[in-house]
Amino acid sequence: MAGKTDSVRAENIDDYAKKSMFPVGEPNSGFAQYFSGDTWLAPLNSEDAFIANVTFEPGAVNNWHVHHGEAQILIGVGGRGWVQFEGEAARPINEGDVVRIPPEVKHWHGAAKDSWFSHLSMSVRSGEGNGTDWLEPVDRGGYDALE
């Protein structure tokens, strides 16, 4: 698949960052084992609610995971991505889209294969305990079939 995908992948993080309204931050090395592809993390707030801008290179997604004791809210702020809840079809996330992921719901999210993607990720405590269980990688065959 030459053409658009190759030119999008050729764009580097510095070029993408120039178009972003939020900082892209640093390589997400602390969580790299839970992501396919390169991602960057820019914490924006840690008081009351954790908010970070997460940037994914084209084709990068996180593993399936579950947040305990907290909801996660994603706001698309650049490019195009995907989110999927267990048992449901994947759905696109575009700039301006807001997705609320309830506590204890298995899900994944990340970039479309032909687009950089950034979202604000907000963790909102909703009960006792908190933390994330990182699970298996997303099936690449199913991901590659997404349009």
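Attention here is on the structure that accompanies the text. Not measured: the values here are computed from a predicted model.

## Looking at the packing of aromatic side chains
One pass over the full model with this rule turns up nine aromatic pairs. Ring geometry for phenylalanine 35 and tryptophan 134: centres 5.9 Å apart, planes at 45°, overall tilted. Of this pair, phenylalanine 35 sits in strand 2 (residues 35-36) while tryptophan 134 sits in strand 12 (residues 131-134), and the two are 99 residues apart along the sequence. Judged by relative accessible area, tryptophan 134 falls into the partly exposed class, the value being 22%. Members of the aromatic cluster, connected to one another through ring pairs, are Phe31, Tyr34, Phe35, Phe56, Phe117 and Trp134. Across the ring face of phenylalanine 85, the terminal group of arginine 91 is positioned such that the distance to the ring centre comes to 5.1 Å. The positively charged end of lysine 106 is found above the aromatic ring belonging to tryptophan 64, 5.6 Å away from the centroid.

Conventions we followed
- Residues numbered from 1 in each chain as written.
- Predicted model: local features only at pLDDT ≥ 70, side-chain atom pairs only at ≥ 80, totals over all residues.
- Heavy atoms only, no water.
- Phe/Tyr/Trp six-rings, centres within 6.5 Å; stacked < 30°, edge-to-face > 60°.
- Helix = DSSP H or I, 4+ residues; strand = E, 2+ residues; numbered from the N terminus.
- Buried < 20%, exposed > 50% of the residue type's maximum accessible area, 1.4 Å probe, protein only.
- Lys NZ or Arg CZ within 6 Å of the ring centre and 35° of its normal.

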